[in-house]
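Working through the structure, step by step
So the chains spell out like this:
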Amino acid sequence: MNLDPSHLLQGLGTTALVLFIIYRRFRRLFGRQEFRPKSMIFRIVLLSVISAFLLIPSFFATKLAIAAIAGAAVGVGLGLWGARHTRFEKMDGKLFYIPHTYAGMVVSALFIGRLAYKIVSGGLSPRVATMDATPGVSDFSNMLHPLTYIAFFALAGYYVYYYSYVLYESKHLKPKDWEGASLRSDIK
């Protein structure tokens, strides 16, 4: 068996990048999060633009259109569920929000499930990035797969709805809405 060092380094690099992405995604979905409106607005705009571009092929493929609608519906449903259970906290003059743990677990499972499926099916093979591929031809078969559409639009629907909710709610919070507000008023 011939082990090419460049393939080994590429595989390690890909693995490190995937683990970093998973770590960052988990960190944003669990525990107390500092409220950062500019970051949320950037993510909403970015996901909306990518979603708009990904909708174009769905005009020509019924399966992709159904997958996009189903994924967005699941994502917005998760966002509604998560938003209903989100708590807010103010500490040291900073606003924090605490996402719903179970909604975060479901969103993480969607992401990891699709990633695991791509790895098992060979969709993340290092060979795609080598010169073995036909020059000038991209492999969009994995990107235009209905499962990818469902997973992407579920994540996009969740984040766009959820971040919009947190942004809206942050402008309409009253001190009594903050987590532990009743405890602080009892102390005073």
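Just above sits the structure.
My aim in this report is to walk through the structure given alongside it, one point at a time. Note that the coordinates shown come from a computational prediction; the quantities given were computed from them, not determined experimentally.

Some details on the packing of helix H4 (residues 101-120) against helix H5 (residues 146-171)
- In contact at an axis separation of 10 Å, H4 and H5 are set at 155 degrees when each is read in the N-to-C sense. Taken as axis vectors, H4 and H5 run roughly antiparallel relative to one another. Between H4 and H5 lies a crossing whose hand is left-handed. Across from Ala103, Val107, Leu110, Phe111, Arg114 and Tyr117 in H4, the residues of H5 making contact are Leu147, Thr148, Ala151, Ala154, Leu155, Tyr158 and Tyr159.
- The residue inventory of the contact of H4 with H5, partitioned by class, reads 11 nonpolar, one polar and one charged.

Here's the deal with helix H2 (residues 37-58)
- For H2, with 22 residues, the first-to-last C-alpha span of 31 Å sits near the 32 Å given by 1.5 Å per residue.
- Within the sequence span of H2, burial applies to Met40, Ile44, Leu47, Ser51, Leu54 and Ser58. What you see down the axis of H2 is that its buried residues fit within an arc of 110 degrees, all on one side. Looking at H2, the residues exposed on the side facing more than 90 degrees away from the buried face are Lys38, Phe42 and Phe53.
- As for H2, its buried residues are in contact with helix H3 (62-84), strand E3 (94-98) and H5.

So, the sheet that holds strand E2 (residues 87-91)
- Spatially, E1-E3-E2 is the arrangement adopted by the three strands of the open sheet, whose pairing is antiparallel. Unpaired on one side and paired on the other, strand E1 (33-34) and E2 mark the two borders of the sheet.
- Bridge analysis of E1 against E3 gives two bridges, and the strand direction is antiparallel. Note that in E3 the partner of Gln33 across the bridge is Tyr97.
- Of the strands in this sheet, E2 and E3 are in contact with H5, which crosses E3 at around 140 degrees.

Concerning the packing of aromatic side chains
- Inspection of every chain in the model, using the stated rule, returns seven aromatic pairs.
- Measuring from centroid to centroid gives 5.5 Å for Tyr149 and Phe153, while their planes differ by 45 degrees, and the two rings are tilted. Highlighted residues: Tyr149 and Phe153, both in helix H5, separated by four residues, approximately one helical turn.
- For Tyr149, a relative accessible area of 1% corresponds to the buried category.
- Classification of Phe153 by relative accessible area gives buried; the value is 6%.
- With a centroid separation of 6.3 Å and 50 degrees between ring planes, the pair formed by Tyr162 and Tyr163 is classed as tilted.
- The class for Tyr162 is buried, based on a relative accessible area of 2%.
- Accessibility expressed as a relative area gives 2% for Tyr163, which makes it buried.

Structural notes on the pattern of salt bridges
- Evaluated as defined, the whole model comprises two salt bridges.
- Between Lys94 and Glu34 there is a salt bridge, with the nearest N and O atoms lying 4.0 Å from each other. A residue pair is termed long-range when its members are at least 10 positions apart, and Lys94 in strand E3 and Glu34 in strand E1 qualify at 60 residues.
- What you see here is one network of salt bridges that share partners, running through Glu34, Arg36 and Lys94.

Rules used throughout
Residues numbered from 1 in each chain as written. Predicted model: local features only at pLDDT ≥ 70, side-chain atom pairs only at ≥ 80, totals over all residues. Heavy atoms only, no water. Axes fitted to C-alpha atoms, helices over the stretch in contact; angles between N-to-C directions. Helix = DSSP H or I, 4+ residues; strand = E, 2+ residues; numbered from the N terminus. Parallel < 35°, antiparallel > 145°, perpendicular 65-115°, else oblique. Left-handed = near helix turned anticlockwise from the far one by under 90°. Contact = heavy atoms within 4.5 Å. Nonpolar A, V, L, I, M, F, W, Y, C, P; charged D, E, K, R; others polar. Expected span 1.5 Å × (residues − 1). Buried < 20%, exposed > 50% of the residue type's maximum accessible area, 1.4 Å probe, protein only. Arc of directions from axis to C-beta. Pairing = 2+ DSSP bridges. Phe/Tyr/Trp six-rings, centres within 6.5 Å; stacked < 30°, edge-to-face > 60°. Salt bridge = Lys/Arg side-chain N within 4 Å of Asp/Glu carboxyl O.

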